[in-house]
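Okay, here's what each chain looks like letter by letter:
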Amino acid sequence: MFKGIASETTKSLPNAIITATNSGSLAMDRDSFGGNPFATALIKSIGEEIRKTSELLQLLKTITEKQSNGRQTPDLLQITNEPLVPFSVQFNDASKIAMVMVYSDYSSSGINSLPGAEFDLKRIRKAIEENGFECWALLDPTNLQFEANLKAFSKISNNYDFSILYVTGHGVEVANKIYLLPPSYKITYGKTALEAEALNIFTLINYQTSRRGNFLFYGGCRNDPFFYFLFNFFVKKGTHNQ
């Protein structure tokens, strides 16, 4: 789908991409708190006195693994120029902006909906606003709505010290690329339409342009369900995945 604004400027900004689980693995929609274990871990990490991305990753791993009973282990997918973690009190006076975007209602696509994702939007937004972030929240936007908001976010985040983008919904990993599937993605597409109709996670970081640190958190799955006929892994009864 849209490619972002990849430029020499955005490529050199301090940024990190952290995913809810590692390659080949599923992400849960609901833990004992009612949402994704990774979202639970992120909320618990906000306000902690940590400065380094490695410290944040370790804390996210510890909490997520506990909340998921070992089913999820967060992964550092990309890091450039070591962004500072903006959650501690030393950054209370810093300018901070975030966007939380979730796909939850997949009723029109033939894939299980994700009520936990909608719950995560509400609680993540609350937690980061309490930490001093201005927060934009999007629930089940159309592709055009999401792209318009990303472009606006790209322009405005340039005026802030830190930016966060949290995205989740059904996701897949195919040929070492991670895609977020919008509710408009039909199960009959298979994987042939991923480049045209889904969101390549690696491009989203290009919309974050803050000076001191940009974090992209991805809460979805990283498995390849196309081994199964017509997304059978997604629609199998009793499977809670994103």
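Check the entry above for the structure.
These lines cover the structure that appears in this document, whether it is placed above or below. A quick note: this is a predicted structure, and the numbers were derived from the prediction, not measured.

1. Concerning the overall build of the protein chain
Scanning the protein chain from terminus to terminus reveals eight helices and nine strands. A total of 242 residues make up the protein chain; the buried ones form 56% of that total. Taking as baseline every contact in the protein chain between residues at least 6 positions apart, the subset at least 24 positions apart corresponds to 76%. For the protein chain, the accessible area works out to roughly 10,200 Å², and carbon and sulfur atoms hold 51% of it.

2. A short note on unusual backbone geometry
Phi angles above zero are rare outside glycine, and N81 is one such case at about 55°. Within the fold, N81 resides in the loop between strand 2 (75-80) and strand 3 (96-102). Assessed through its relative accessible area of 54%, N81 is described here as exposed. Residue N176 is not a glycine yet carries a positive backbone phi of 65°. For N176, the position within the fold is in the loop between strand 6 (171-174) and strand 7 (177-180). When its relative accessible area of 66% is taken as the criterion, N176 is described as exposed.

3. Observations concerning the environment of N69
Looking at where N69 falls in the secondary structure, it is placed in the loop between helix 3 (53-67) and strand 2. Sequence-wise, N69 and P37 are 32 residues apart; in three dimensions their C-alpha atoms are separated by 9.5 Å.

4. Some words on helix 4 (residues 115-130)
Compared with an ideal rise of 1.5 Å per residue, which puts 16 residues at 22 Å, helix 4 spans 23 Å between its outermost C-alpha atoms and is within 8% of the ideal. Taken together, the buried positions of helix 4 are occupied by G116, A117, D120, L121, R123, I124, A127 and I128. On its buried side, helix 4 packs onto helix 2 (37-45), strand 3, strand 4 (134-139) and strand 5 (162-168). One or two positions beyond helix 4, positive phi appears at G132, with a value near 100°.

Reading the values: rules and limits
Residues numbered from 1 in each chain as written. Predicted model: local features only at pLDDT ≥ 70, side-chain atom pairs only at ≥ 80, totals over all residues. Heavy atoms only, no water. Helix = DSSP H or I, 4+ residues; strand = E, 2+ residues; numbered from the N terminus. Buried < 20%, exposed > 50% of the residue type's maximum accessible area, 1.4 Å probe, protein only. Contact = heavy atoms within 4.5 Å. Areas by Shrake-Rupley, 256 points an atom, 1.4 Å probe, with all protein chains shown as cover. Expected span 1.5 Å × (residues − 1).

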